Amino acid sequence: MRKRIIVNSFGLAASIAAGIGLPAMAWAQAADDADAHGRTYADPAEILVTARKRVENVQDVSESVTVASGEAIETLQIVQPSDLTRIAPALTFRDNPIPTSSGFAVRGIGTSTFSSTVEQSVSTVVDGVVLGQPQSAASLIDIDRVEVLEGPQGLLFGKNASAGLVNIVTRSPQLGELAADASVTVGSDGEFRNSGMLNVPIGDKLAIRLVGFRNRTGGFIKNVFLNQDYNGEKNYGFRGKLLYEPSENVSLLISADYAKDTSVCCFSTARTLGTNANLANYFDLFDIVPGPDNRSVAAGAPFGTYPGAPLRVYKGVSGQLDVDLGGLELTSITAFRQNHYILDFDGDQTPLDRFDYNGGDYNYKQFSQELRLASPAGQTIEWLAGLYYFRSTNDVFYQAGGHLLGPPPTPLVVAVIETDFRSKSYAGFGSVTWNATDALRLRVGGRLTRDDLRARRVAYDLPGSLPGSSAIIGSVAGDTTETGETTNFSWKVTGEYDVTPDVMVYANAARGYKGPGLASSGIIAPGVDPIIRPEKVWAFDLGIKTSFLDNRATFNAALFYEDFTDFQTQIYDTSTNPPGFRTTNAGGLKTKGVQAQLSVRPARGLSLSANGIYVDAKYQDLDGLSCPYAWTVPVPTNGCRLVGTRPVIDASGNRLANAPKFKFNLAANYETPVSDGIDLLLSTDYSWRSAEQFSANGDPMTIQPAFGIWNGSIGVALGDGKFELRAFVRNLLDQDYVTLLAPNSADTSGGYAQYLSRYSDRQFGLTMRMRLGG
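No experiment lies behind these values; they were computed from the predicted model shown.

Chemist: Talk me through helix α3 (residues 277-285); I want residue IDs and the actual numbers.
Modeler: Among all positions of α3, only N278, L279, A280, Y282 and F283 are buried. Summarising the contacts, the buried residues of α3 are in contact with β17 (269-272). Where α3 starts, the residue carrying a side-chain oxygen 3.0 Å from the main-chain nitrogen of N278 turns out to be N276.

Chemist: Tell me about the side chain of N57, residues and numbers included.
Modeler: With respect to the element layout, N57 can be found in strand β2 (residues 56-57). Of the residues examined, N57 reaches a relative accessible area of 4% and is grouped as buried.

Chemist: Hey, could you go over the pairing of strand β25 (residues 478-500) for me, with residue numbers and the actual values?
Modeler: Pairing of strand β24 (residues 440-461) with β25 involves 20 bridges; the strand directions are antiparallel. Counterpart to R447 in the pairing with β25 is S490. Relative to strand β26 (residues 503-514), β25 runs antiparallel, the two being bridged by nine bridges. What sits directly across from T500, in β26, is V503. Hairpin connection between β25 and β26: a loop of two residues separates the two successive antiparallel strands.

Chemist: Give me a nonpolar patch on the surface: which residues, what numbers.
Modeler: Together, I381, V432, W434, L440, L442, V444, V493, Y497 and V499 line one region of the surface with nonpolar side chains, adding up to about 740 Å² of accessible area. Mapped onto the nonpolar patch, the elements with two or more residues apiece are β23 (413-434), β24 and β25. Relative to the elements of secondary structure, Y497 occurs in strand β25. For Y497, a relative accessible area of 41% translates into the label partly exposed.

Chemist: Could you give an account of unusual backbone geometry, with specific residues and numbers?
Modeler: The peptide bond linking C265 to C266 adopts the cis configuration, its omega dihedral lying at 5°. Examined against the element boundaries, C266 turns out to sit in the loop between β16 (250-261) and β17. Backbone torsion omega between V633 and P634 reads -5°, so that peptide bond is classified as cis. Locating P634 in the fold gives a position in the loop between β33 (625-626) and β34 (641-643).

Chemist: I'd love a proper account of the sheet that holds strand β13 (residues 221-223), names of residues and values included.
Modeler: Within the open sheet, the three strands sit side by side as β14-β13-β18. Their pairing is mixed. In this open sheet, the two edge strands, each paired with only one partner strand, are β14 (228-230) and β18 (296-297).

Chemist: Which residues make up the nonpolar core, and what values do they have?
Modeler: Ranked by size, the top nonpolar core spans 41 residues in total, and within it L84, L91, V146 and V166 carry the most contacts. Where this core is concerned, the elements lending two or more residues are β5 (103-106), β8 (143-150), β9 (164-170), β30 (553-573), β31 (580-603) and β32 (606-619). Ranked by the residues each element gives to this core, the list is headed by β32, at four residues. Sequence-distant contacts of V166, that is, excluding residues within four places in its chain, are made with L84, L91, F104, V122, S123, T124, V125, V146 and E147. In this structure, V67, L155, L156 and Y364 belong to the second largest nonpolar core, which totals 21 residues.

Chemist: How would you sum up the environment of I202? Please name residues and give values.
Modeler: Inspection of the secondary structure puts I202 in strand β11 (residues 192-202). In sequence terms I202 and L243 are 41 residues apart; their C-alpha atoms lie 9.9 Å from each other.

Chemist: Please give an account of the packing of aromatic side chains that cites residues and values.
Modeler: Counted under the stated rule, the structure contains 17 aromatic pairs. For R107, the ring lying beneath its charged end belongs to F560, and the centroid distance is 4.2 Å.

Reading the values: rules and limits
- Residues numbered from 1 in each chain as written.
- Predicted model: local features only at pLDDT ≥ 70, side-chain atom pairs only at ≥ 80, totals over all residues.
- Heavy atoms only, no water.
- Buried < 20%, exposed > 50% of the residue type's maximum accessible area, 1.4 Å probe, protein only.
- Helix = DSSP H or I, 4+ residues; strand = E, 2+ residues; numbered from the N terminus.
- Contact = heavy atoms within 4.5 Å.
- Polar contact = N/O pair within 3.5 Å; in protein donor to acceptor, adjacent residues only side chain to side chain.
- Pairing = 2+ DSSP bridges.
- Patch = residues over 30% accessible without salt bridge, like charges linked within 9 Å, V, L, I, M, F, W, Y side chains within 5 Å.
- Areas by Shrake-Rupley, 256 points an atom, 1.4 Å probe, with all protein chains shown as cover.
- Salt bridge = Lys/Arg side-chain N within 4 Å of Asp/Glu carboxyl O.
- Core = buried A, V, L, I, M, F, W, Y, C linked by side-chain atoms within 4.5 Å.
- Phe/Tyr/Trp six-rings, centres within 6.5 Å; stacked < 30°, edge-to-face > 60°.
- Lys NZ or Arg CZ within 6 Å of the ring centre and 35° of its normal.

Distances and angles like these do not, on their own, reveal function.
Encoded structure:
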C-alpha cells in the first residue's frame, strides 16, 4: 500500500470548523488551488515515520501510530512533552510530586513511582536514543515530528517500552542551506519564551544546526508565609547538530544538548483537611481554605534543607553513522547522557522545622550502543538485524526527617539512604518480512535480552540525629547489596493485507517485556524485596488503515487487548510511621478497547480530524493495598480488613489508576490568503477525557471528574510565511481540573492533596516568529 496521504496528524471535526466561521466556499475550491505553503489540497505531502526503523509512509505501517509534525506542534503551542496528550488520544501523562518521576501512559498503562531506579513502561526515544529517564526530554524546540506508538515496542526500540513509545525526532542540519528562525512568546501568567535556530552550511558536504531556548512562567501556588510563588517554569537549554556527508553512501550526524531547570515545583495544596491540628492552626492563621480553589500553602523551608535545591540538569552527546553497503544499510548509534538533580522540599508543610529533610542528590548516567543492518526495501524478503547495549548508573543520596516533635531544641530525627544502582542490558534483535504477494505481507521479529542489576543500599542516621531514625521511613539501618538478572525472549508477529490499494487491514500478536528495577527510596521494609521483578505483557491488535477522497482523507482504527503480569506500580503503605509510598509488582492487569483517527483535508488550507479512544483497564491481582482512611474509621468498611494492625483491601477488579475510560481530541487548522502577501491563520483544538481515578485502592476522594479543555489561536503570516504573529488562548472555558489527587503525606488522617496545572486557569498570549532562508 504505497500511497500519498493528507494528514495533519491532529485535527478537528467539521462541526468545529463551522463553529469558528469557516466560509462555505472553502469546501468547494478548485483542486489546483495552492495553500499558503504552495501545496495543493489534492497533492498533499506524505507523512513519513520511522516506527519500524525504516522511513515509511505512516499509512503503510501496521501499527497504531499517531504523528504530530513540527509545524503542528508550533501551531498548537505544544511546549513540553506533557502537552502531547492533546494530539494523541491514547496518550496520557502521569504527573508526580517528584518531577523526575513523571511519565507517559499509553492505553492506560504507564509507570508512576517516586523511585528513580524504576524505568517507565512507556519509553521515550529522542533521535534514536532511548532515554532511561524520559523527563530529560525537557522542551519541544525545533522538532521535525513526534510519533506515538501504542502497544509493546521493545522489539526494535532499545529497551523496555512494554506499553508504548514516544519517538521524538528533532530537525537535522540541512546541507547547502543558510536559515534562521527566532520566536518570542509572552503570556498572561508571566509567560516568556524565546527560542532561536541557526542552520549554517560549510561547503556542500557539511552543515551545523544550533538551537537555544529559554522559558519563564509565573508561579500559581502562593506561599503566604514567605510571600513567594511556586510551580512556575524557569529553564534554558541548547542543542547543536553537525551533519557530514562525504559521499552519497555515508552520513555522520553528531548531536549534543544541555538543559538546566531551576523551576520551583511541584507543590500541592490541601484539598481537604484531616485531623492534623498543626496544619489546621496555620491554615486558620493565614486564612487558607482547603478545597478545589485552594492555591495557597504556608511552608517555612519550601526547598528543604539540602543546599542547591531545586536543580535539574540534563546533558548528552550522540553520534549516528549511516552507511550504504551496496544496498545493505548499516546504522550505528552511540550515545552518552547524564542527569543531575538536587531535590528537597518541606514535608510537614508548615513554618515549623518538623520534616524539612525530604530529598537529596541524584546522579544518573547512561551509555548506549546500537548497531543495525537492514536489507534493501521492496524485495520479496526484507530483513533487519541488530545488537544493542545499554549501561546505566544511578547514585542516590536521600534523606528524610527533621525535628518531628517541634522546632529546635527538640531532637533531630533524620534517616539517610544511599543507593548505588548499576544496570546493564544486552540484546540481539531481528525482523523478517515476507512480501508474499503485492497485497499480502507477513512479518516476524524477536529480541533476546539479558538484564543485570546490582544495587547497594546503605541506610543510616544523619550525624547528630537520634539513633534509630531510619525507622521513620520504614527502613532499617545497615549496608546491603542485592543483585538480579533476567533473560527474556520477546517477539512480535504481524500480518498485513491490502483489501484495495487504499485499504489495509492488519493483525499483531506480541510478547512484550520491561526489565527489573529497584525501589531506591521511600519504604524498604524488612522482608520486602527491593528488587522489582520484570514486567511482561501479551498484546494483540487488529486494525485497519484507509485513504479516500482522492487521498484527501484517512481513517484508521484498531482493536486492542493487553494482559500484563508483574506490572510495576507504586502503592501507598500505611504500615509505617509516617505512611509512605512503596514500589512493588501488581499481580496483573488487563486493558482492552478501541481507538480511531479521522483526518480530512477537504479544501485549500483546511485540515480537520477527530481522534478518540475507549479503554477498559483493570487490575487482576492486587491484594493487600492500604485502605482509604475514610474506610478505616471507626471500623474497617467497604471490603477493608485488618492484617495485624494494618487495614488493607483487595484492589483486584478496580479500574487502573490514571486511566480515563474515554478520551478524544479534536482540532482544526485553516490558512487562507486575505491580500497579497498576507495569510490569515486560524487554529483550534479541544481535548476531553472522562472521570479519572488516581488511586489503585478505589479511594472515592481521589477521582477527577470528566472535563474538556478548549484552546484556540488567530494570526497572520507575512512575506510568504517568513513573519508570523499569532494570538492564542488556552483553556478558553476556564475549566478547573487537577493532575493528581492523593492522600496528604503531612495530614495522613483524612487529609488530601491536589496537584494543579498552570493550564487549570484561562491564559492569553502572543507569539511572534521570524524565519529567514529555507
